[in-house]
Amino acid sequence: QQQQQQQQPLGSSAACGGGATADGGGAAGAGSAGGKVPPRGGAAVSTDVEQDAVWLNSLVEILWPRVDKYLKILVEDRIKPAINEALPQAMRGSITIERLSLGQATPHFSSFKIRQRSDEAIILDLKVDISSNLDVKIKAMQIPLGIRAFTFHGTLTVCLRPPASKPPFFGGLEIYFINPPDLDIDFTGAANVVDFQMLKGIVHDTLIQLVSNAMVVPARIAHDLVEDDEVGLADLKCPEPVGVLRLLVKSGADLRAADYNIFSGKTSDPYVSVRVGQQTWRSPTIMKTMSPVWAHGNVADFLVYDVGQTATVRVLDEDKMSQDDLLGEARAVDLSRVSAAKAGVVDKTLPLADRCGGQQGSLRVSMRWFCLTQEAPVHGISQAVARGPSQLMLRAKFEDVCGQMPATSPAPFFVRLTVSDGRSQDSTAMTRASHAYPVKAASEDLRRVCLSLSRRGDKPEAVAAITGLTPGEVERIIGKETKAAVTHELSNKDKSTNPCFRQTLRLLLPWTVEMMNHAVVRIEIVDNKRRLVGNFVEEKLMHIASKELRGPFSILSQVSLEGALSARWLQLPS
């Protein structure tokens, strides 16, 4: 079935379901059976309990010297390479960390709140404040840059789920930030050097991005505590979104003039930037005005993973020759009212402020909430859903690779997901780096048997057949008795044998006639140099939208990827 988009006056609120238009065309219907996705992350069913976290502050104070040591490793392994990658080509490879210390100030935890979600998950919210005197010295192409202090503020969430009937009475642990934390850095260095400001910006943005990629929803630190329950590590690390926020940008008023035009005097070239969690979106630029009105390309959809998430809305002046100027921003825009509005549109006039809190005009927006369901719209997609940039979410869950990856392809590996209709721009997503297959610790008796068999000359494959372990597990045990270089070689081999992903990727997609007839979903595994490993797998989006596609997906001869692809559809709340 095909449902054509109805034309509405430009700039009205149809994209949010109130009778207005959105770019992207009409949406088509589809048919399939399925069940409704149960809500998670919704309203709490118990009263918040707030108390001080004195015991936690004391614990962190004891652990702080260990954290300081770990930071040095983290800087070399992740922060330094990330800063290097963000540098201009001519400066790459020149980064050196000459000094690094966290200082004496430890994080302070406060406002310890406990609540229970509607899915019986136990939630602990803790405010984290760090004001630390650092001793950090960085050099890039002989440009000195120091960090003498930084402040970090945010609300850390600990989630205990799913409920279990035996100790510890929950099956998994998740740690994350619902909203991006605030990070301020006090830099020192050669402020008179032109490249200093550029380097300072790169360091600041890289640190923010690393924190977001690791711990801002949907990302999180997760541990599976009960391996035989229905919730695995992939489910803990990548939980289902609770809904979709649709935001329509209408107009701005009384914006600050950031430019000067000899013909029209003071003016600006404003555009809107919106951030929800790790997702960002930018509107088109309206040239030479301080009262912009957006009529096209002014609608965006965002996956929301917790009703406590907020949006940050910024209006900036586009500059061709210099950094874009901030005209004003609205921080921590509450989304809970939108999710509670059921089928209604929420219109807001957002007051904008500069970095010092001064009033800087306003921005008019409309917002609407959609649920996600496995039930395909057999009677056609509703007009409210159709008049937006997306009508369905592609869900791709990837588990483990079965088999040995080629020796010519260096670990770690990544799964790249691409949706293309051959006409419009492709939609892509990529997993985080793979890790080695988790190996259970062998008993002392079993370890002695492995070492004994190895010393008499038995190969790992023969030892594995006798002991019931895998060859990789045998090599790990034997490797502990060898030199560090050999152990390192075995560790790299572990990463290439049965690499694990245990992650879920999600893409919001339009459901137009073109997508129905032509869109293809491609799955690829690439190595750490982003080179394709083996073959790619392709399937029509129409087939996945009708029925879940389950792996294993063949990558090479005797090498396959476990996983599943399915669709979730946007619908109005009931």
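All values reported here derive from a predicted model rather than from experimental measurement.

A. Seen up close, the overall build of the chain. If you tally the helices and strands in the chain, you get 11 helices and 27 strands. In the chain, which comprises 574 residues, the share counted as buried stands at 45%.

B. Molecular detail of the environment of Phe169. Of note, Phe169 is situated in the loop between strand 5 (143-163) and strand 6 (170-177). Through-space distance from the C-alpha of Phe169 to that of Leu225 is 9.9 Å; in sequence the pair is 56 residues apart. Aside from chain neighbours lying at most four places away, what touches Phe169 is Pro162, Pro163 and Ala164.

C. Quick look at the packing of aromatic side chains. Tallying each qualifying case throughout the model produces two aromatic pairs. Measuring from ring centre to ring centre gives 5.4 Å for Trp511 and Trp569, while their planes differ by 85°; the resulting arrangement is edge-to-face. Taken as a pair, Trp511 in the loop between strand 22 (500-509) and helix 10 (513-518) and Trp569 in strand 27 (residues 559-571) lie far apart in primary sequence, 58 residues in all. The exposure classification of Trp511 matches that of Trp569, with both residues buried. Its end group placed over the ring of Tyr271, Arg282 keeps NZ or CZ at 3.6 Å from the ring centre. Taking the ring centre of Phe414 as reference, the NZ or CZ of Arg530 above it sits at 4.1 Å.

D. Representation of the pairing of strand 12 (residues 270-276) within the structure. Judged by how many residues are buried, strand 12 sits mostly within the fold: five of seven residues are covered. Bridge count between strand 12 and strand 15 (residues 310-317): seven bridges; the pairing is antiparallel. Paired with Val274 across the two strands is Val313, which belongs to strand 15. The turn linking strand 12 back onto strand 13 (residues 279-282) is made up of two residues, and Gly277 within it adopts a positive phi angle of 65°.

E. Examining the pattern of salt bridges more closely. Under the counting rule described, the total for this entry stands at 21 salt bridges. Across the pair Arg506 and Glu240 runs a salt bridge, and its minimum N-O distance is 3.1 Å. Of this pair, Arg506 sits in strand 22 while Glu240 sits in the loop between helix 3 (233-237) and strand 9 (243-253), and the two are 266 residues apart along the sequence. In terms of burial, Arg506 and Glu240 fall into one category: buried. For Arg502, the salt bridge identified is with Asp400, shortest N-O distance 3.0 Å. One end of the pair, Arg502, is in strand 22; the other, Asp400, is in strand 19 (residues 392-402), and 102 residues separate them in sequence.

F. Representation of unusual backbone geometry. In the segment running from Val217 into Pro218, the intervening peptide bond is cis, with an omega of 10°. Turning to its location among the elements, Pro218 is positioned in the loop between helix 2 (194-215) and strand 8 (221-224). Of note, the bond from Ala411 into Pro412 is cis; its omega dihedral lies within 30 degrees of zero at 0°. By secondary structure assignment, the location of Pro412 is in the loop between strand 19 and strand 20 (414-420). Unlike most non-glycine residues, Phe169 shows phi in positive territory, near 75°.

G. Focus on the sheet that holds strand 23 (residues 520-526). Here we have four strands laid out as an open sheet, ordered 21-20-23-24, and antiparallel in their pairing. On the outer flanks of this sheet lie strand 21 (427-430) and strand 24 (537-540), each paired with one strand and no other. Sheet twist, expressed as the mean angle between neighbouring strand axes with direction ignored, is 15°. In terms of strand pairing, strand 23 meets strand 24 through four bridges, oriented antiparallel.

Rules behind the numbers
Residues numbered from 1 in each chain as written. Predicted model: local features only at pLDDT ≥ 70, side-chain atom pairs only at ≥ 80, totals over all residues. Heavy atoms only, no water. Helix = DSSP H or I, 4+ residues; strand = E, 2+ residues; numbered from the N terminus. Buried < 20%, exposed > 50% of the residue type's maximum accessible area, 1.4 Å probe, protein only. Contact = heavy atoms within 4.5 Å. Phe/Tyr/Trp six-rings, centres within 6.5 Å; stacked < 30°, edge-to-face > 60°. Lys NZ or Arg CZ within 6 Å of the ring centre and 35° of its normal. Pairing = 2+ DSSP bridges. Salt bridge = Lys/Arg side-chain N within 4 Å of Asp/Glu carboxyl O. Axes fitted to C-alpha atoms, helices over the stretch in contact; angles between N-to-C directions.

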